[in-house]
Each structure stands twice: as structure tokens, then as C-alpha cells.
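Inside the fold
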Amino acid sequence: MSERDDVADVVVIGGGAAGLSAAVNLGRARRSVVVVDAGRPRNAPAEGVHAFLTRDGTPPAELLAAGRAEVERYGGRIVRAAVREAAGTVGDFTVSLDDGGRVRARRMLLATGVRDELPDVPGLRARWGRDVVHCPFCHGWEIADRRIGVVGSPMAVHQALLFRGWSDDVTLFLRDAIEPSEEEWAKLAARGIAVVDGALAAVEVTGDAVTGVVLADGTVRPVDALVVAPRVHADVVPGLGVAATEHPAGVGTYVATDQVGATSVPGVWAAGNLADPMAQVIQAAAAGTRAGAAIVADLLEEELREALSSARGLALSP
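- Under an unreviewed UniProt entry, the name given to the chain is FAD-dependent pyridine nucleotide-disulphide oxidoreductase, and the organism recorded is Beutenbergia cavernae.
- The heading Catalytic activity (unreviewed entry) in the UniProt record of the chain holds the text "[thioredoxin]-dithiol + NADP(+) = [thioredoxin]-disulfide + NADPH + H(+)".

Here it is, written out as C-alpha cells:
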């Protein structure tokens, strides 16, 4: 039997902030843990992680490298592979990897995150995570006092009003995607947010920066940064029966959990953007830590039941 066939206490699928934080907590609880990571973090294009106490501005790759080292310090193992499928029930899960390997574990944590579906505007994706952003708390400081354009979406009015707190120059490009309500029009006017209708033909990029939005009629509206609201798609591992569902906020799909991250499938937890698509990195890390603690408690409860059963069996023996 290969090392990968050994049964661990917990397998964590996804090596981002949530998965690694959970693995550290599990390792510190003296639990055997394997983290399976395909190495495709959602925030890879970003220059730095923000609003993370003591780590503000840290490049995502650097933060994850430090996290992997902490996991290994507490005896955890990192497997660099993608997951093909998973199967099993509580106490005996098997994860099949794209390199032919397998990982078996008593419990499972899904921290696979979500995939972002960006507006289909030429030039936009290339600047994603740099000066094409989605969250003022993640990126607002970096684009403060600049000309900010907001790309039309069901969330666009909300985003425009939010980003107005970082800049006096905000333009909402409706893009035929929305029609603000009368109340929303009043709010936009009260905050001095310009509104432009019509389709977007492209994002103008000069050198290494967004410089404008090209409208369908060829007009160029100068902007220094663009705000989008990507629709997110939960990265669900096939085979487990964990289902993605529409998020109540209408931002896309996610995996519903209870307060400690337990899914509807016994023995399987979820944390990070998979369970909360709008969570910042520090929130995802906290959710991973919380889920890790819940898994430890669940394992301890199982072991207690087994110990009691064994003790009672001995007491009944002649």
C-alpha cells in the first residue's frame, strides 16, 4: 500500500487561506491531515492580500507558501495535485487524484473556492485583480481618488455607491444590463455619480494600466480602474453528493453549510469562498480555523463513543 493510501484523520481539498488555516488547526490538535492543492488560487492575479491584520499587502503566493510551511511544521502533508473525484461515507472517504494517486481519510474539508465569470468585454480579463476589481475593501485604497468606472450588473448600483467613498469621480456604465429604480437614480444623482448607457466595446489598456472604456459608438470614456461584479461558480468536487445552490445575494452558486461549516453530507465540511463567495482572505482563514476545530470535536466525539462501547463490552465480559 502506498503512502497516499494511508488513512488520514482529515483530507483538506484546496490549499488556499481556508484550507491551510484548517490544516494548521488540525495539526495543532495532533490530527493527521493531508492538504490536496491544485495550485490555482482565485486571488493569484492580485498584487497583495489586503485587510489581513499583520499581513496587509503580502503577495498571495508568499502568504500561501508561509501557510504550507506552517501546515508541515505541525505534521501535515501537502499533495500538489488536482482532484478528479471523491467518494465514500463518514469514516472512510477516498479522493482520486489526476496523477493516479489516492488519499483516504475519516473526514473531509472542501476549500476549493469558486470560479469567477467576468463580463465578456475585450481587454477586461487581462487586468483582473489589478485595476479591474470587485471589492472596495480589498482594492479601494489602491484606486482611491482615481477615475473609477463601474460595469453594469445587478450589483452595479450598490458597487457604485460603495466606491464613491473612495473617489469623487465614479461613473456607472449601465451597459444595457440594468435599469436603476427611481430610488436608485435619486441616490446616484445625490452622490454625483455619472451614468452612461450603451454597450461596452472594449477596455482600453495603455502600457500596463487601464486608461479608458470604449463604447459601442467608438467613444472613449477615460477611467483609471474598473469595478465588476463577477458571477461566481462553486467548485464542487464530484462524487460526494455535496451540491451547489444559488446564493441568497444572487452572486452565483455556493455550498450551504451550518455555522461551523458542516455540509448536508455527513463527515464533509466546507469553508472559504466555496461556502461564502464574498469572504475576504482573513474571513476565509477564520472560517477554515473554525471548521478545523469542529472536525476535531467530531472526531473526539466518535472516539469517545468507541471508548465507551469498548469499556461497556469489557464490563459485560465474564
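**Side note on the pairing of strand β7 (residues 114-117)**
- Every second residue of β7 is oriented toward a common face, the buried set being V114 and D116 and the non-buried set R115 and E117.
- Across four bridges, β7 lies against strand β16 (residues 231-234) in antiparallel orientation. Bridge assignment links R115 to a residue of β16, and that residue is H233.

**Focus on the confidence of the model for the chain**
- Put simply, the chain has an average pLDDT of 94, and 97% of its residues get 70 or more.
- Segment residues 1-5: pLDDT under 50, and 12 contacts once partners within four positions in sequence are set aside and those in other chains are kept.

**Comments concerning the environment of V150**
- Along the polypeptide, V150 turns up in strand β9 (residues 148-151).
- Separated by 79 residues in the primary sequence, V150 and A229 place their C-alpha atoms 8.9 Å from one another.
- If we ignore the near neighbours within four places in the chain, the residues touching V150 are A156, Q159, A160, V170, T171, L172, F173 and V227.

**Details of the environment of L299**
- Structurally, L299 can be placed in helix α6 (residues 281-316).
- Along the sequence, L299 and A225 sit 74 residues apart, while their C-alpha atoms lie 48 Å from each other.
- Residue contacts for L299: discarding those within four places in its chain leaves D9, V10, R31, R106 and R107.

**A few points about helix α1 (residues 17-28)**
- If you check α1, its first and last C-alpha atoms are 16 Å apart, about what 12 residues at 1.5 Å a residue would give, namely 16 Å.
- Among the 12 residues of α1, 10 are classified as buried, and the element is accordingly described as predominantly covered.
- Taken together, the buried positions of α1 are occupied by A17, A18, G19, L20, S21, A22, A23, V24, L26 and G27.
- Just beyond α1, the residue with positive phi is R30, at close to 65°.

**Examining the packing of aromatic side chains**
- This model, assessed by the stated rule, comprises two aromatic pairs.
- Look at F137 and W166: their rings are 5.7 Å apart centre to centre, the planes differ by 85°, and that puts the pair in the edge-to-face class. Separated by 29 residues along the polypeptide, F137 in helix α3 (residues 136-139) and W166 in the loop between α4 (156-163) and β10 (170-173) bring together distant segments of the chain.
- Taking relative accessible area as the criterion, W166 reaches 22% and is therefore assigned partly exposed.
- Judged by centre distance (6.3 Å) and plane angle (50°), the ring pair of F163 and W166 falls under tilted.
- For F163, a relative accessible area of 0% translates into the label buried.
- Grouping aromatic residues by their ring pairs yields a cluster made of F137, F163 and W166.

**A word on the pairing of β10**
- Residues V170 and L172 point to one face of β10 and T171 and F173 to the other, with burial holding for every one of them.
- Two strands pair when backbone bridges link them, and β9 and β10 are joined in this way by four bridges, in the parallel orientation. Note that in β10 the partner of V151 across the bridge is F173.
- Tracing the backbone out of β9, into α4 and back to the parallel element β10 gives a crossover that is right-handed.
- Here β10 runs beside strand β11 (residues 194-196); their pairing, made up of three bridges, is parallel. Its bridge partner being in β11, T171 is matched across the sheet by A194.

**Points about the sheet that holds strand β14 (residues 220-222)**
- Strand order across the open sheet formed by three strands is β12-β13-β14, with antiparallel pairing between neighbours. Each edge of the sheet is formed by a strand with only one pairing partner; in this case those strands are β12 (200-206) and β14. Direction aside, neighbouring strands of the sheet carry axes that sit 30° apart on average.
- Here three bridges tie strand β13 (residues 209-215) to β14, and the two strands are oriented antiparallel to one another. Paired with V213 across the bridge in β14 is R221.

About the thresholds
- Residues numbered from 1 in each chain as written.
- Predicted model: local features only at pLDDT ≥ 70, side-chain atom pairs only at ≥ 80, totals over all residues.
- Heavy atoms only, no water.
- UniProt positions renumbered as here; feature names shortened; annotations may be inferred.
- Buried < 20%, exposed > 50% of the residue type's maximum accessible area, 1.4 Å probe, protein only.
- Helix = DSSP H or I, 4+ residues; strand = E, 2+ residues; numbered from the N terminus.
- Pairing = 2+ DSSP bridges.
- pLDDT = per-residue confidence, 0-100.
- Contact = heavy atoms within 4.5 Å.
- Expected span 1.5 Å × (residues − 1).
- Phe/Tyr/Trp six-rings, centres within 6.5 Å; stacked < 30°, edge-to-face > 60°.
- Right-handed = clockwise from strand over helix to strand, strands pointing away.
- Axes fitted to C-alpha atoms, helices over the stretch in contact; angles between N-to-C directions.

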